[in-house]
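Given next are the chains, with one letter for each unit.
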Amino acid sequence: MFPAALRARLQAQLEQMLTDVCSITRQTDAVDALGARTQTWVIVATNVKCRVIRAETKRNIGQQVVAVQEALTESYRLIVPRGTSLSVDYRVTLTDGRVYDVVQVLDMNTDALDAQAEIVRRR
């Protein structure tokens, strides 16, 4: 573990690198006025400082079969402040309109100063 003073300095530096702002939502089941099941998006967090960078993984550009058509997927890494709720199947929307799906939460850091996830861009 980092000493408290060092952790505070690193946390302040991290905050300066989080240059984007996003909203995080999760999908939930609901029932409409006619009793039919629908899926809606519920807000988990808004105005979250974040950073999206291209992921350096072997899966960076992969192929995915979508309804008999192949679609290219690009992987990115999302970095947000520690304590931000992230889970697989959450959706991240940046203020510029880009939308990403969380496909994996990266929680292997022992001295977690941030929260990270692998995300793919929705097109």
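Parameters and conventions
- Residues numbered from 1 in each chain as written.
- Predicted model: local features only at pLDDT ≥ 70, side-chain atom pairs only at ≥ 80, totals over all residues.
- Heavy atoms only, no water.
- Helix = DSSP H or I, 4+ residues; strand = E, 2+ residues; numbered from the N terminus.
- Contact = heavy atoms within 4.5 Å.
- pLDDT = per-residue confidence, 0-100.
- Core = buried A, V, L, I, M, F, W, Y, C linked by side-chain atoms within 4.5 Å.
- Buried < 20%, exposed > 50% of the residue type's maximum accessible area, 1.4 Å probe, protein only.

**A closer look at the side chain of Arg91**
At step 1: Within the element layout of this structure, Arg91 appears in strand β5 (residues 90-94).
At step 2: Here Arg91 is in contact with Ser23, Ile24, Thr25, Trp41, Val99, Tyr100, Asp101 and Arg122, once residues within four sequence places are set aside.

**Examining the confidence of the model for the protein**
At step 1: In this model, the protein carries an average pLDDT of 85, and 84% of its residues clear a pLDDT of 70 or more.
At step 2: Averaged over each element, pLDDT in the protein is lowest for strand β3 (residues 61-66) (52) and highest for β5 (97).

**Examining the nonpolar core**
At step 1: The biggest cluster of nonpolar side chains holds 17 residues, and the ones touching the most others in it are Leu78, Val92 and Ile119.
At step 2: Elements that contribute at least two residues to this core include exactly β1 (20-31), β2 (37-54), β4 (69-81), β5, β6 (99-106) and β7 (114-121).
At step 3: The contact partners of Ile119, leaving out residues within four places of it in the chain, are Val52, Glu74, Ser75, Tyr76, Arg77, Leu78, Tyr100, Asp101, Val102 and Val103.

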